[in-house]
Amino acid sequence: MADTAVLAAQAAASADKARPGDAALAARLDVLTLPEGGFTRAAREDAAQRLQAMGLPGPRDEYWRYTDPALFNAARPEAAEIAGDSSTLFTEIERLNLVFVDGRFDAAASDKLEGEGVEIENLASAEGRADHWAAGLYGRLEAAGQQPVKRPFAVLNTLTASDGVLIRVTGRIGRPVHITYHRSAVDADVSLHHVVKLEEGAELTLLETGAIGARSNVVLEVEVGKGARFHHVSAKRANDPKLGIGHIFARVESEALFKSFALTVNGRMMRNEAVIDIAGDDAIAHIAAAVLGDGDTGRFHHDDTVFIIHGAERCESRQVFKKVLKNSAEGVFQGKILVKPGAQKTDGYQISQGLLLDEGSQFLAKPELEIYADDVKCSHGSTTGALDETALFYLRSRGVPKERAIVLLVLSFLADALEEIEDERLRDDILGRLEDWLTQRAGNQGKA
Amino acid sequence: MLEIKNLHVKLEDEDKQILKGVDLTVPAGEVHAIMGPNGSGKSTLSYVLSGRDGYEVTDGAARLGGQDLLEMEPEQRASAGLFLAFQYPVEIPGVGNLTFLRTAANAQRKARGEPELSAADFLKLIREKAKTLKIDSEMLKRSVNVGFSGGEKKRNEILQMAVLEPRMCILDETDSGLDVDAMRLVADGVNALRSPDRAFLVITHYQRLLDHIRPDVVHIMANGRIVRTGGPELALEVEQNGYGDLLAEVG
Ligand SMILES: Nc1ncnc2c1ncn2[C@@H]1O[C@H](COP(=O)(O)OP(=O)(O)OP(=O)(O)O)[C@@H](O)[C@H]1O
Ligand SMILES: [Mg+2]
């Protein structure tokens, strides 16, 4: 295992050609303790080398143009108050629940790690083994996803992750696997690394809810085998003053389906990156997010940065990102579709929209298309706008109170993103949660 | 029911006076029609009465059943029994017609201290009303006015009116864009709602609608004022001679 003290010293020593993130990196590595050996060892060592070479991002990095990496770079997170836990999302649904507290798997609070057609372990318990099915994926999809730009925080995660889940699905597991996060320490700095592998024809729904840490860095690596179907719905806890960076690295094989939806309701600063490599013919990959940011609890900044690679024929990709912003909240979307030579009959779609509920908020979008095949259909669109005053008046003229009318219009703005959740029970649960939150907010405002 | 006195209205952001002293009283149980050239201020009057932003009342008053309308929020006016069938009904993608109408109906009931309708009762009510207006249930499931034809939108306005049962109904050119049969349906819808406790103000350009909905009084609006008031024969006069002679008379 690479000695982190040495790494830190090296990072600090290259002062003459110092890169912006070097001091930050040295400080991060300085406080690091790495697990001993195991099947992740090679990947972690490789990550150490790569991170050394690329450094952490600085404010001048093009890829970090709209989001300041300083808080992610810092050696320690600031303590962040723990929001009351009223989360009841998905609890009515028959599921396999896995609990993490401050980034550690809590076996006692979790369901038994067993089910028909599925192998589940937590990383910390499994990684002592030298041989493991996840050895071929841990840090490998992440490394393959270091394009078209460097994603140092994902590398840092591969290097430092303390725990996570490893799921291998061979059949159709009848119930979703639900990862529930809890916080107990106000300053927990959490690094989790999940690896999911769906074998040919397998099916899995993965749910994530809760609050991970004062600062979190989560990587999810997913391989969706031929004809397999993967559904992912994540909804981090509302109002938690979180600072989070997340990466999804997916490889989607032929005729497979990948669908990921994320809900964010307030928080502080979040950046979600996704690299989806559509590697087999006739595959489908959708990624969507609904974000509600009200800067009233402090600064709100939310960045989605997506890279979709079409490397095969007749594949479909769809990106739907909707952000509702208020009180100087900032929303960012950077989305790129790459269609490689030979990826004929690609159908790529991307929409990003910001709904600004006041003048101080802003939505920044940077859509990109890079196409090297001639028989493809790709479209992208981005809009930023305020609430439709005419629609608002129409609703009010029928007797719908203003606050309620705004809730209806916000929900209608988000509808296309929510539509990306296939399972109706999950969608209704999310919708109910959103509606409650918006209504409660509207009520508070009415009183203010 | 509706009393408008010396109403002066200008645009909020522009120095443009649109209503220049409108006087109009519509007693309960009556149907009044307003006709008048394009741009004379008919829609503006209906918007100001229902509380749309963008206008500034510089003088005058408007009361509904004795209550000061101009002091109220749009939703309060609706709960007080005012309804405007829009000249251009608004499309609201993502909000279902049924959800919209049920939210509106129950919000009004709540504001008036009446019990809310259960989902089942509401569905029964709306199905029955939709049937008489020949609006099929598939349309009810769609987003508000999205993908509706011009005529369907107008019928949807009348459906809302039938469900909400307001006491003061303003119809702004509900007849324009309707085919002959749809016009008859709309007129039947309005006639079915006529009652001693309810009043109508029907804005129209054509005598045809007034053949079906017999007005008690016809007003002519021009240049931000009511310039003539008379019986149904006034509408016939407009139909035959246009506004030229009428306005020349007024000077
Ligand atoms: N928001 C606005 N901005 C600018 N001008 C306006 C606005 N609202 C109304 N007007 C102007 O006020 C005048 C009256 O308009 P209004 O729509 O009330 O007329 P109308 O009598 O309903 O006409 P029509 O018969 O064509 O429907 C017109 O000159 C119109 O251009
Ligand atoms: Mg008009």
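Residues numbered from 1 in each chain as written. Chains lettered and ligands numbered in written order. Predicted model: local features only at pLDDT ≥ 70, side-chain atom pairs only at ≥ 80, totals over all residues. Heavy atoms only, no water.

Looking up chain B in an unreviewed UniProt entry gives the name ABC transporter ATP-binding protein, with the organism given as Paracoccus kondratievae.

Under an unreviewed UniProt entry, chain A has the name Fe-S cluster assembly protein SufD and belongs to Paracoccus kondratievae. If you open the UniProt record of chain A and go to Sequence similarities (unreviewed entry), you find "Belongs to the iron-sulfur cluster assembly SufBD family." (UniProt positions renumbered as here; feature names shortened; annotations may be inferred.)

Participant: What's the story with the packing of aromatic side chains in this structure? I'm lost.
Facilitator: Geometrically, a pair of aromatic rings is defined through the distance of the ring centres and the angle of the planes. Per the counting criterion, the structure on display carries twelve aromatic pairs over all chains. With centroids separated by 5.5 Å and ring planes inclined at 70 degrees, the aromatic side chains of A:W64 and A:F153 adopt a geometry described as edge-to-face. Taken together, the residues span a long stretch of sequence, with A:W64 in the loop between helix 3 (41–54) and helix 4 (70–73) and A:F153 in helix 7 (residues 152–160) at a distance of 89 residues. You'll find A:W64 and A:F153 in the same group, each marked buried. Ring-pair connections join several aromatic residues into one group, and the members of that group are A:F393, A:Y394, B:Y47, B:F86 and B:F100. Across the ring face of A:W64, the terminal group of A:R271 is positioned such that the distance to the ring centre comes to 3.8 Å. For the cation-ring pair, B:R52 lies above B:Y47, with the distance from its terminal atom to the ring centre recorded as 4.5 Å. (Phe/Tyr/Trp six-rings, centres within 6.5 Å; stacked < 30°, edge-to-face > 60°. Helix = DSSP H or I, 4+ residues; strand = E, 2+ residues; numbered from the N terminus. Buried < 20%, exposed > 50% of the residue type's maximum accessible area, 1.4 Å probe, protein only. Lys NZ or Arg CZ within 6 Å of the ring centre and 35° of its normal.)

Participant: I'm lost on the interface of chain A and chain B in this one. Help?
Facilitator: It is common to give the size of an interface as the accessible area lost on bringing the parts into contact. Tallying the contact residues gives 17 residues for chain A and 30 residues for chain B. With both sides pooled, the region where chain A packs onto chain B buries about 1,900 Å², and carbon together with sulfur makes up 67% of that total. Considering only the surface of chain A that becomes buried against chain B, A:F393, A:Y394 and A:R398 emerge as the three largest contributors, covering 43% of it. Here chain A and chain B share three salt bridges between them. Note that A:R396 and B:E75 form a salt bridge whose closest N and O atoms lie 2.7 Å from each other. If you look at where chain A meets chain B, you find eleven residue pairs in polar contact (both at pLDDT 80 or more). Of all the secondary-structure elements, those providing two or more residues to the side of chain A that touches chain B are helix 8 (389–397) and helix 9 (402–418) of chain A. Taken together, the residues of the side of chain A that touches chain B break down into eight nonpolar, four polar and five charged. (Contact = heavy atoms within 4.5 Å. Buried area = accessible area lost by both parts, 1.4 Å probe. Salt bridge = Lys/Arg side-chain N within 4 Å of Asp/Glu carboxyl O. Polar contact = N/O pair within 3.5 Å; in protein donor to acceptor, adjacent residues only side chain to side chain. Nonpolar A, V, L, I, M, F, W, Y, C, P; charged D, E, K, R; others polar.)

Participant: Where do I start with the side chain of A:K323 in this structure?
Facilitator: Residues and elements named next belong to chain A. Mapped onto the elements of the fold, K323 is located in strand 15 (residues 316–326). The class of K323 is buried, set by a relative accessible area of 0%. The residues contacting K323, other than those within four sequence positions of it, are V291, H302, D303, D304, G331, V332, Q353, G354, L355, F363 and F413.

Participant: What exactly am I supposed to notice about the sheet that holds strand 17 (residues 347–356) of chain A here?
Facilitator: Hydrogen bonds between backbone groups are what pair the strands of a sheet, and the pairing can be parallel or antiparallel. Residues and elements named next belong to chain A. One open sheet holds the ten strands; their spatial order is 2-1-5-7-9-11-13-15-17-19, and the pairing between them is mixed. Sheet topology places strand 2 (104–105) and strand 19 (377–386) at the edges, where each strand pairs with a single neighbour. Where strand 11 (residues 257–265) lies against strand 13 (residues 284–294), nine bridges are found, and the strand directions are parallel. Looking at the pairing, S260 lines up with I287 of strand 13. Along the sheet, helix 9 contacts strand 11, strand 13, strand 15 and strand 17; its crossing angle with strand 15, the most-contacted strand, is approximately 155 degrees. (Pairing = 2+ DSSP bridges. Axes fitted to C-alpha atoms, helices over the stretch in contact; angles between N-to-C directions.)

Participant: So what exactly am I meant to see when it comes to the site of ligand 1 here?
Facilitator: Residue and element names in this part refer to chain B. G39, K42, S43, T44 and H205 are the nearest of the 15 residues found near ligand 1. The contact in question runs from an oxygen atom of ligand 1 to an N or O atom on the backbone of S40, over 3.2 Å. Within the side chain of H205, an N or O atom sits 2.9 Å from an oxygen atom of ligand 1. Across the complex, the protein chains shield 65% of the 640 Å² of accessible surface that ligand 1 would expose by itself. With three residues, the top contributor of residues to the shell around ligand 1 is helix 1 (residues 42–50). The residue inventory of the shell around ligand 1, partitioned by class, reads four nonpolar, eight polar and three charged. (Near = heavy atom within 4 Å. Areas by Shrake-Rupley, 256 points an atom, 1.4 Å probe, with all protein chains shown as cover.)

Participant: Is there a simple way to think about the UniProt feature "domain: ABC transporter" (unreviewed entry) in chain B in this case?
Facilitator: With numbering aligned to this structure, UniProt lists the feature "domain: ABC transporter" (unreviewed entry) at residues 2–248 of chain B. End C-alpha atoms of residues 2–248 of chain B are separated by 29 Å, and the span's content is 40% helix alongside 28% strand.

Participant: Is there a simple way to explain a negative patch on the surface in this structure?
Facilitator: A surface patch of negative charge is lined by A:D388, A:E389, B:E12, B:D13, B:E14, B:D15 and B:D53. Considering the arrangement of structural elements, one finds B:E12 in the loop between strand 1 (2–11) and strand 2 (17–26). (Patch = residues over 30% accessible without salt bridge, like charges linked within 9 Å, V, L, I, M, F, W, Y side chains within 5 Å. Lys, Arg positive; Asp, Glu negative; His and termini not counted. Charge placed at Lys NZ, Arg CZ, Asp CG, Glu CD.)

Participant: Any chance you could explain the sheet that holds strand 5 (residues 67–68) of chain B here in plain terms?
Facilitator: All names here are of chain B. Across the sheet, which stays open at both edges, the four strands sit in the order 2-1-4-5 with antiparallel pairing between neighbours. The open sheet has two edge strands, strand 2 and strand 5, and neither has a second partner. Judged from the seven bridges that link them, strand 1 and strand 2 form a sheet pairing that is antiparallel. When the sheet's bridge partners are listed, E3 is paired in strand 2 with T25. Against the sheet, helix 1 contacts strand 1, strand 2 and strand 4 (55–64), and its axis sits at roughly 105 degrees relative to strand 1.

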